[in-house]
Amino acid sequence: MQHLRHLLETENSHLAQLLRFSLYGIQASLKQAQKEFPLDPGAKLCDEVLQEIHSLLQPTSYKSNSNSELKLSRLQEAFDADKELKLYLGNSQLQSQTDAELWNEIQRKLLRVPEDLATSWRQRALTLAQEVGAVENTSDLYPLPFIRDEIIYPGLSGTIQAKGLCLSEKALSYTEIAQASKSKDLNFLAGYLFLCINIIEIEPDLHHALKSVFSFDIVSLNSKPEQQNQYIEALTHRFQRTQKAVENADSVSTLRAWIDMDEAIHSLVFIPPGDRYSWWGKLQQESRRMLKKFVDQAINAGNEVKIRQLSGLYADICALTKDDLQLDCGGNPGEVLTCLRVYARINQEDSPGRVIFRSSR
């Protein structure tokens, strides 16, 4: 374990990158095998192995200073005081105790606000970091498996050592599901599966609102680990159902399964929910755009299909929904904050949508 960790923490190392991607693949394969062979005599030991792999894959935390010695204290104070940010992030204060943690916490929060605001704040954050001797670093990035490569935000070097974050197609290619998949659509869906699972591990602010797991509230994944496990199990199960439907080439079954998978992806939320024009909002919308493809396939096969993403005033769309959730923060009173599940009408059969909306008062 000690040598594995040292290699993983080696900066600018291709061998470290290869090891990290391989561990992602082993982790995903073991989790899938556990579901297929729950009575296997090695199941309990496998849990311990997965815990060790999870520990190894956690980003390095540089605990070189206490909160009173933060080099980025000016950045922390400015961020916490910004009234425009509070409209999208709520009133919670930054919690980080080190500069490395603070850099990552701020950068992850900016993924939830409109891109123009995020861009201006990223530049401001970098300027304040440079004033204390830090340098932007785009080579030391924590990789999230996905269908493309993208630097989400840079890290820092110099007087502050902090990892950045990126999407990595190579990390996805090391997973067993991606290696076995011959379908571009399934590879896209596998990207979402592994992205969601891995981003849960590094983002303590994430909640879930997946009705099949817990229907009465929006639940923190960080403070309730049993809910985290149940959400990941439900997400994985929905991926497997979609996989079978695609392989069986049944257009209606595929569409229904994709709607369920899309619901699970959009049920991964923040409080308040991320803005639709933020990095996070646009990433989730990629899944929803894929629905159009499967709607077209079902229509071309002779089916009657209507899909509607629900937005605007809650009073205007509530007849098309069921078991909605209410918040008293974010957006405007009486408006839909996010559409968890689209409304669908397939061959005269209605399937209600589900939303989170802002209370009118």
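Residues numbered from 1 in each chain as written. Predicted model: local features only at pLDDT ≥ 70, side-chain atom pairs only at ≥ 80, totals over all residues. Heavy atoms only, no water.

Let us now look at the overall build of the chain. Per the secondary structure count, the chain includes 14 helices and 14 strands. In terms of C-alpha radius of gyration, the chain reaches 21 Å, essentially the compact-globule figure of 21 Å for 361 residues. Dimensions of the chain, computed from C-alpha atoms along their principal axes, come out at roughly 65 × 55 × 35 Å. Taken across its 361 residues, the chain has 52% of its residues classed as buried. Here the contacts in the chain between residues at least 6 apart in sequence split such that 64% fall between residues at least 24 apart. Total accessible area on the chain is roughly 17,400 Å²; 50% of this is exposed by carbon and sulfur atoms. In the chain, 40 side chains carry a positive charge and 47 a negative one; their mean positions are 3 Å apart. (Helix = DSSP H or I, 4+ residues; strand = E, 2+ residues; numbered from the N terminus. Rg over C-alpha atoms; globule rule 2.2 N^0.38 Å. Buried < 20%, exposed > 50% of the residue type's maximum accessible area, 1.4 Å probe, protein only. Contact = heavy atoms within 4.5 Å. Areas by Shrake-Rupley, 256 points an atom, 1.4 Å probe, with all protein chains shown as cover. Lys, Arg positive; Asp, Glu negative; His and termini not counted. Charge placed at Lys NZ, Arg CZ, Asp CG, Glu CD.)

To continue, consider the environment of Thr-159. Within the secondary structure, Thr-159 is located in the loop between β4 (155-158) and β5 (164-168). Measuring from C-alpha to C-alpha, the distance between Thr-159 and Ala-171 comes to 29 Å, with 12 residues separating the pair along the chain. For Thr-159, the residues in contact, after removing those within four places along its chain, are Lys-71, Val-132, Gly-133 and Ala-134.

Before going further, it helps to examine the sheet that holds strand β13 (residues 349-351). Taken in spatial order, the 3 strands make up an open sheet running β9-β12-β13, and their pairing is antiparallel. In this open sheet, the two edge strands, each paired with only one partner strand, are β9 (305-308) and β13. Taking the axes of each pair of neighbouring strands and ignoring which way they run, one obtains an average angle of 10° across the sheet. As paired strands, strand β12 (residues 343-346) and β13 are joined by 3 bridges and run antiparallel to one another. Within the sheet, the bridge partner assigned to Arg-345 lies in β13 and is Asp-350. In the packing of helix α12 (residues 251-266) onto the sheet, the strands contacted are β9, β12 and β13, and the crossing angle to β12 comes to about 170°. (Pairing = 2+ DSSP bridges. Axes fitted to C-alpha atoms, helices over the stretch in contact; angles between N-to-C directions.)

What follows deals with the state of the cysteines. Counting across every chain of the model gives 0 disulfides. Free cysteine: Cys-196, not disulfide-bonded; nearest cysteine sulfur from Cys-339 at 16 Å. Free of any disulfide, Cys-339 has its nearest neighbouring cysteine sulfur in Cys-318, separated by 14 Å. Classification of Cys-339 as buried rests on a relative accessible area of 5%. (Disulfide = S-S within 2.5 Å.)

Now for the layout of surface pockets. Of the pockets and cavities examined, the second largest pocket occupies roughly 780 Å³. In this structure, the second largest pocket is lined by 33 residues; those nearest its centre are Gly-274, Asp-275, Arg-276, Val-336 and Leu-337. Looking at the lining of the second largest pocket, the elements with two or more residues in it are α5 (83-89), β8 (268-269), α13 (279-300) and β11 (336-341). Per-element tally for the lining of the second largest pocket: the top contributor is α13, with 5 residues. (1 Å grid on protein atoms, 1.4 Å probe; cavity = no way out; pocket = protein on both sides within 12 Å on 5 of 7 lines; lining within 4 Å. Points joined across faces, edges and corners; volume = space filled by probe spheres on them.)

Turning our eyes to something else, we now look at unusual backbone geometry. Glycine aside, the phi torsion of most residues is negative, and most peptide linkages are trans. Omega for the peptide link from Ile-271 to Pro-272 comes to -5°, which places this bond in the cis form. Along the chain, the position of Pro-272 falls in the loop between β8 and α13. Even without being a glycine, Asp-323 presents a positive backbone phi close to 55°. For Asp-323, the location among the structural elements is in the loop between α14 (314-317) and β10 (325-327). For Asp-323, a relative accessible area of 35% translates into the label partly exposed.

Our focus in this paragraph is the pattern of salt bridges. By the definition in use, this model includes 18 salt bridges. With a shortest N-O distance of 3.4 Å, Arg-112 and Asp-205 are connected by a salt bridge. With Arg-112 in the loop between α6 (99-110) and α7 (115-131) and Asp-205 in the loop between α10 (184-202) and β6 (207-208), this residue pair connects regions lying 93 residues apart in the sequence. Since its relative accessible area comes to 2%, Arg-112 is described here as buried. Classification of Asp-205 by relative accessible area gives partly exposed; the value is 26%. A salt bridge links Asp-350 to Arg-345, with the nearest nitrogen and oxygen atoms 2.9 Å apart. Given the relative accessible area of 25%, Arg-345 is considered partly exposed. (Salt bridge = Lys/Arg side-chain N within 4 Å of Asp/Glu carboxyl O.)

So, on to helix α11 (residues 225-248). Across its 24 residues, α11 extends 35 Å between first and last C-alpha, which sits within 8% of the 34 Å expected from 1.5 Å per residue. Along α11, the residues that are buried comprise Gln-227, Gln-228, Tyr-231, Ile-232, Ala-234, Leu-235, Thr-236, Arg-238, Phe-239, Gln-240, Thr-242 and Ala-245. Just beyond α11, the residue with positive phi is Ala-249, at close to 55°. (Expected span 1.5 Å × (residues − 1).)

A cluster of nonpolar side chains, Leu-7, Leu-15 and Leu-18, forms an exposed patch at the surface whose accessible area comes to about 260 Å². Mapped onto the elements, Leu-15 comes out in helix α2 (residues 14-36). (Patch = residues over 30% accessible without salt bridge, like charges linked within 9 Å, V, L, I, M, F, W, Y side chains within 5 Å.)

When you tally the buried positions in β5, you get 5 out of 5 residues, the bulk of the element. Going residue by residue along β5, you find Gly-164, Cys-166 and Ser-168 tucked away on one face and Leu-165 and Leu-167 tucked away on the opposite face as well. Judged from the 5 bridges that link them, strand β2 (residues 141-145) and β5 form a sheet pairing that is parallel. In the strand pairing of β5, Pro-143 is matched with Cys-166. Sheet topology note: the strand β3 (residues 150-153)/β5 ladder contains 3 bridges and is antiparallel. Residue pairing across strands places Glu-150 opposite Leu-167, the latter belonging to β5.

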